[in-house]
Amino acid sequence: MSHLHLVDGVIAPVWWILGYVLALGVLGFAVTKVKKEELSKKVPFIGVIGALMLITMSVPLGFLPFHLNLTVLAGILAGPWLGFIAVFIVNIILAFIGHGGITVIGLNTLIIGTEVIVGYFLFKAIAKHIKPVTAVAVTVIVTLLISTTLMAGIVIGTSAGLEHALPHEEEAHQDEQLNAEAEHEELEELLSEIHIFVFSGWGAVAVILLLGIAIETLVTSLVVGFFMKVRPDLIMQNAECTMQN
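Throughout, a residue's number is its position along its own chain's written sequence, starting from 1. A pLDDT threshold of at least 70 governs which residues receive local features in this predicted model, and a stricter bar of 80 or more applies before side-chain atom pairs are shown or counted, although totals over entire chains, interfaces and linings include all residues. As a rule here, side-chain values cover all heavy atoms of the structure and leave hydrogens and water aside.

To continue, consider the overall build of the protein chain. From N to C terminus, the protein chain includes nine helices and two strands. Numbering of helices and strands runs from the N terminus; a helix is a DSSP stretch of H or I covering at least four residues, while a strand is a stretch of E covering at least two. Tracing the protein chain from N to C terminus, the helices and strands come up as α-α-α-α-α-α-α-β-β-α-α. The long-range share in the protein chain, meaning contacts at least 24 apart out of those at least 6 apart in sequence, stands at 74%. Accessible surface is estimated by sampling points in the Shrake-Rupley manner with a 1.4 Å probe; for residues, cover comes only from the protein chains shown. Accessible area for the protein chain stands at about 12200 Å²; split by element, carbon and sulfur atoms hold 69% of it. Contact criterion: two residues are considered in contact whenever any of their non-hydrogen atoms come within 4.5 Å of each other.

Dropping the structure here:
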């Protein structure tokens, strides 16, 4: 299990195809929003941030089956649209180096890309009123809760839609739908076998998510705190932050 990464076989084809369409649509919009002068200045950020996300998304946090994303940091440093492009590229690389999720690259990009976009605008809004480090901590917590809810909604919503659709679909499609439904049941069975501390099943999943969010909040806050001391302009370029830290 990883933080916010859907795997192949969990989502029915109609949904992951729609995910590709929506992700490519947002990607096209992002490209139009990036100015040439901004691109020339921030291309290095895309490379560095993409590399950091690629590393952190590939390595679980020790005993936790969870990885960091650093997407809020990507949004703050590179902006929402370049950050979204970086997330798309990272998802493609991860999918083809054994991390899985080739069919759901679109959905994973939308879910994780939400963190970049929401993180950027939320940090920009609240960093005007409170310390940057505090602002980024609040931003990471809220953003990860939103993206986690989005992922859960996609999994539950597509599963529920599948169950309601079965009686009304043509016979030619029923086998495919039954297979997808079986994959959902298998996912629930796998999740029920997860154990951490004294928790198991969905309780363990909740503990893992909360611990993961706490760790990502701490790491991102420390990085932003460091930048505020050595290169505050990198943080303040996208928000009118207070100079207190």
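This brings us to the packing of helix α4 (residues 80–96) against helix α5 (residues 105–126). Two elements in contact, α4 and α5, have axes separated by 9 Å at closest approach and are oriented at 150 degrees. When the axes of α4 and α5 are compared, the pair comes out roughly antiparallel. Handedness of the α4/α5 crossing: right-handed. In this structure, α4 uses P80, W81, G83, F84, V87, F88, N91, I92, A95 and F96 to contact α5, whose residues at the interface are I105, N108, T109, L110, I112, G113, V116, I117, Y120 and F121. Class assignment of the residues belonging to the contact of α4 with α5 gives a composition of 15 nonpolar, five polar and no charged. Comment: axis = line fitted to C-alpha atoms, over the contacting stretch for helices; angle = value between 0 and 180 degrees taken between N-to-C directions. Working definition: roughly parallel below 35 degrees, roughly antiparallel above 145 degrees, roughly perpendicular at 65 to 115 degrees, and oblique for all remaining angles. The handedness criterion is simple: a crossing whose near helix is rotated anticlockwise from the far helix by less than a right angle is left-handed, and one whose near helix is rotated clockwise is right-handed. Gly falls in the polar group here, along with every residue not listed as nonpolar (Ala, Val, Leu, Ile, Met, Phe, Trp, Tyr, Cys, Pro) or charged (Asp, Glu, Lys, Arg).

Definition used for salt bridges: Asp or Glu carboxyl oxygen within 4 Å of a side-chain nitrogen of Lys or Arg. Applying the stated criterion across every chain yields a total of one salt bridge. Between D233 and R231 there is a salt bridge, with the nearest N and O atoms lying 2.9 Å from each other. For each residue, the accessible area found with a 1.4 Å probe, counting protein chains only, is set against the maximum for its type, and the residue is called buried under 20%, exposed over 50%, and partly exposed in between. Note on R231: relative accessible area 39%, which makes it partly exposed.

This part is about a nonpolar patch on the surface. A patch consists of residues whose relative accessible area exceeds 30% and which take part in no salt bridge; residues with like charges are grouped when within 9 Å of each other, and nonpolar side chains (Val, Leu, Ile, Met, Phe, Trp, Tyr) when within 5 Å. A cluster of nonpolar side chains, contributed by V14, W15, I17, L18, V21 and L22, occupies part of the molecular surface with about 550 Å² of accessible area. The topology assignment puts V21 in helix α1 (residues 13–33). The class of V21 is exposed, set by a relative accessible area of 53%.

We now examine α5. Relative to the 32 Å expected for 22 residues at 1.5 Å per residue, α5 spans 31 Å between its end C-alpha atoms, a close match to the ideal helical length. Note on bend: at a given residue it equals the angle between the axes fitted to the 7 residues ending there and to the 7 starting there. Maximum bend of α5: about 25 degrees, positioned at G113. The buried fraction of α5 amounts to 16 of the 22 residues, a majority that puts the element mostly inside the structure. By this rule, a helix spans an expected 1.5 Å times one less than how many residues it contains.

Before going further, it helps to spend a moment on the nonpolar core. Membership of the largest hydrophobic core comes to 42 residues, with the highest contact counts inside it found for M53, L77, F123, V136 and I235. Listed by contribution, the elements that provide at least two residues to this core are α1, α2 (36–58), α3 (71–78), α4, α5, α6 (132–165), α8 (201–230) and α9 (232–236). It is α4 that contributes the most residues to this core, ten residues altogether. Residues L6, V10, I111 and I154 belong to the second largest nonpolar core, which totals nine residues. Only buried residues count toward a nonpolar core, which is a set of Ala, Val, Leu, Ile, Met, Phe, Trp, Tyr and Cys residues joined through side-chain atoms within 4.5 Å.

In short, shape yes, function no, at least from these values alone.
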